[in-house]
Amino acid sequence: MDAKQFASDVTAGLVKAKIGQKAVFSVGGAEVFPATQPNGETVVRVTEGRTSVVVVQTSKDIFVKQRTNDTDPRDIQVGPTYVELGCGDIRDFLERAWNSIQAAH
């Protein structure tokens, strides 16, 4: 999966969740958990090989995390949040995050 496909799948999932999809669903390579968290967050997970990326949308921000280690799993935030970065285009924000993750491998 490339950065554009990642951004497209995640964005489509976030939009579909926002307009009322309540059950867990998939869009391309993204698995979407729409506001199923007790705090109302929408979570989108994309797994490619051993890389698992989680995008979390809260009522105020969007951030990207990467699951690091299979034996001691931890989610670490990738770069600044959407609000911190000041991106107007969510796809640009998601593409940057995906490229950062790929560059680290």
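For the structure given in this document, a descriptive report is provided here. Here the structure is a predicted model, which means the values were calculated and not measured.

1. Quick look at the pattern of salt bridges
- Applying the stated criterion across every chain, the model contains three salt bridges.
- Among the ionic pairs, Lys4 bridges to Glu95, the shortest N-O distance being 3.7 Å. Highlighted residues: Lys4 in helix α1 (residues 3-18) and Glu95 in helix α3 (residues 90-103), separated in sequence by 91 residues.
- A relative accessible area of 57% means that Lys4 is categorised as exposed.
- Here Asp92 makes a salt bridge to Arg96, at a shortest N to O gap of 3.2 Å. Of the two residues, Asp92 and Arg96 both sit in helix α3, four residues apart, roughly one turn of that helix.
- Arg96 gets classed as partly exposed once you look at its relative accessible area, which sits at 43%.

2. Details of the pairing of strand β4 (residues 51-57)
- Burial within β4 is extensive, with six of its seven residues counted as buried.
- Looking at chain direction, strand β3 (residues 42-48) and β4 are connected through seven bridges and run antiparallel. When the sheet's bridge partners are listed, Val43 is paired in β4 with Val56.
- With antiparallel pairing between neighbouring strands as the criterion, β3 and β4 make up a hairpin whose turn holds two residues, including Gly49 at a positive phi of roughly 65 degrees.
- For β4 and strand β5 (residues 62-67), the ladder comprises six bridges, and the chain directions are antiparallel. In the strand pairing of β5, Val53 is matched with Gln66.

3. Comments concerning the packing of aromatic side chains
- The full count for this structure, using the stated rule, is two aromatic pairs.
- Centroid distance Phe6 to Trp98: 4.6 Å. Interplanar angle 25 degrees. Geometry classified as stacked. Note that Phe6 is positioned in helix α1 and Trp98 in helix α3, a separation of 92 residues in sequence.
- By relative accessible area, Phe6 is classed as buried at 0%.
- Looking at Lys16, its charged tip hangs above the ring of Phe25, at a distance of 4.9 Å from the centre.

Rules behind the numbers
- Residues numbered from 1 in each chain as written.
- Predicted model: local features only at pLDDT ≥ 70, side-chain atom pairs only at ≥ 80, totals over all residues.
- Heavy atoms only, no water.
- Salt bridge = Lys/Arg side-chain N within 4 Å of Asp/Glu carboxyl O.
- Helix = DSSP H or I, 4+ residues; strand = E, 2+ residues; numbered from the N terminus.
- Buried < 20%, exposed > 50% of the residue type's maximum accessible area, 1.4 Å probe, protein only.
- Pairing = 2+ DSSP bridges.
- Phe/Tyr/Trp six-rings, centres within 6.5 Å; stacked < 30°, edge-to-face > 60°.
- Lys NZ or Arg CZ within 6 Å of the ring centre and 35° of its normal.

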